[in-house]
Amino acid sequence: MNKKLVKEKIEIDNMDKFSKLQILMFPVKKFINEKKKAGMYDDYDEYKNSLKWFQDRKELILNENKDNVTAYCIKDNKKVVGIIFSVTGYSVKKLTDRHDIKVDNDSNTCQLICFHIDKNYRGIGKDFLNNYVFKDLKNRDIETVFIKSSHFKAFSLYEKLGKVVGIYFGLSEHKLYKRQGNIYEVKL
């Protein structure tokens, strides 16, 4: 990884940190804007949907302690250029139950969501996952990681890291397109 880039881990465990999600998700917002500008908008707004996902789980995260969320980001001169979140707890169990995925130990599993690298920094994602995110998850006794993704361009990376254990279909924002996604299992 480039020496000028700084990696940072942030536990989203209070309202102050929760309110900074929009700042942390800058690469996602930038991606959506670029997609629209290039005429490639596919009626799916990852930024809006990810913020809604967090908002829907706000009580679980901040008050009920049923979900634990950690942000892993890459910064270049204090600007977030890469982001991914790990989630442990209720939402992971809900994912595995909904898709009939067998899990040996719920407390040793997590889900990674909202992985985006600014296009000017592409090529650093695998290293960031393997040498920073996965390393930290191992230190937290996580053994199994699930990645739910409908970004077909990312499928090859996830297939190198693990295997497909589920397939799902979702409709776009205005129900214009059907979108296939995969659920990957990565053993650490």
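Everything below is about the structure printed above this text.
Small disclaimer: the values here were computed from a predicted structure and weren't measured.

Engineer: Sorry if this is basic, but what is going on with the sheet that holds strand E1 (residues 5-11) here?
Structural biologist: Taken together, the 7 strands give an open sheet; going across it, the order is E1-E2-E3-E4-E5-E7-E6, and neighbouring strands pair in mixed fashion. For this open sheet the edge positions go to E1 and strand E6 (163-171), each flanked by a neighbour on one side alone. Each adjacent strand pair in this sheet contributes to an overall mean axis angle of 20°, direction not counted. The sheet strands contacting helix H3 (residues 26-37) are strand E3 (79-89) and strand E4 (109-117), and the helix crosses E3 at an angle near 115°.

Engineer: Is there a simple way to explain the pairing of strand E7 (residues 178-187) in this structure?
Structural biologist: Moving residue by residue along a regular strand, the side chains alternate between the two faces of the sheet. Most of E7 sits out of view: 7 of its 10 residues are buried. The pairing of strand E5 (residues 144-149) with E7 spans 6 bridges and is antiparallel. Pairing of Ile147 across the sheet is with Tyr184, part of E7. Of the pairings in the sheet, the one linking E6 to E7 comprises 8 bridges and is antiparallel in character. Within the sheet, the bridge partner assigned to Gly170 lies in E7 and is Arg179. Counting the residues that bridge the hairpin from E6 to E7 gives 6 residues, and of these Lys175 lies at a positive phi of roughly 60°.

Engineer: Hey, could you run me through the packing of aromatic side chains in this one?
Structural biologist: One pair of aromatic rings is described through two measures. These are the centre distance and the angle between the planes. This structure, assessed with the given rule, holds 6 aromatic pairs. Ring plane angle 55° and centroid distance 5.9 Å describe the contact between Phe155 and Tyr184, whose orientation is recorded as tilted. Taken as a pair, Phe155 in helix H8 (residues 155-161) and Tyr184 in strand E7 lie far apart in primary sequence, 29 residues in all. An identical accessibility class is assigned to Phe155 and Tyr184; each is buried. One aromatic cluster is present, formed by Trp53, Phe54 and Phe85 through successive ring pairs. Positioned over the ring face of Tyr168 is Lys148, at 4.6 Å from the centre of the ring. Over the ring of Phe169 we find Lys178; its NZ or CZ atom is 5.0 Å from the centre of that ring.

The rules behind these values
Residues numbered from 1 in each chain as written. Predicted model: local features only at pLDDT ≥ 70, side-chain atom pairs only at ≥ 80, totals over all residues. Heavy atoms only, no water. Pairing = 2+ DSSP bridges. Helix = DSSP H or I, 4+ residues; strand = E, 2+ residues; numbered from the N terminus. Axes fitted to C-alpha atoms, helices over the stretch in contact; angles between N-to-C directions. Contact = heavy atoms within 4.5 Å. Buried < 20%, exposed > 50% of the residue type's maximum accessible area, 1.4 Å probe, protein only. Phe/Tyr/Trp six-rings, centres within 6.5 Å; stacked < 30°, edge-to-face > 60°. Lys NZ or Arg CZ within 6 Å of the ring centre and 35° of its normal.

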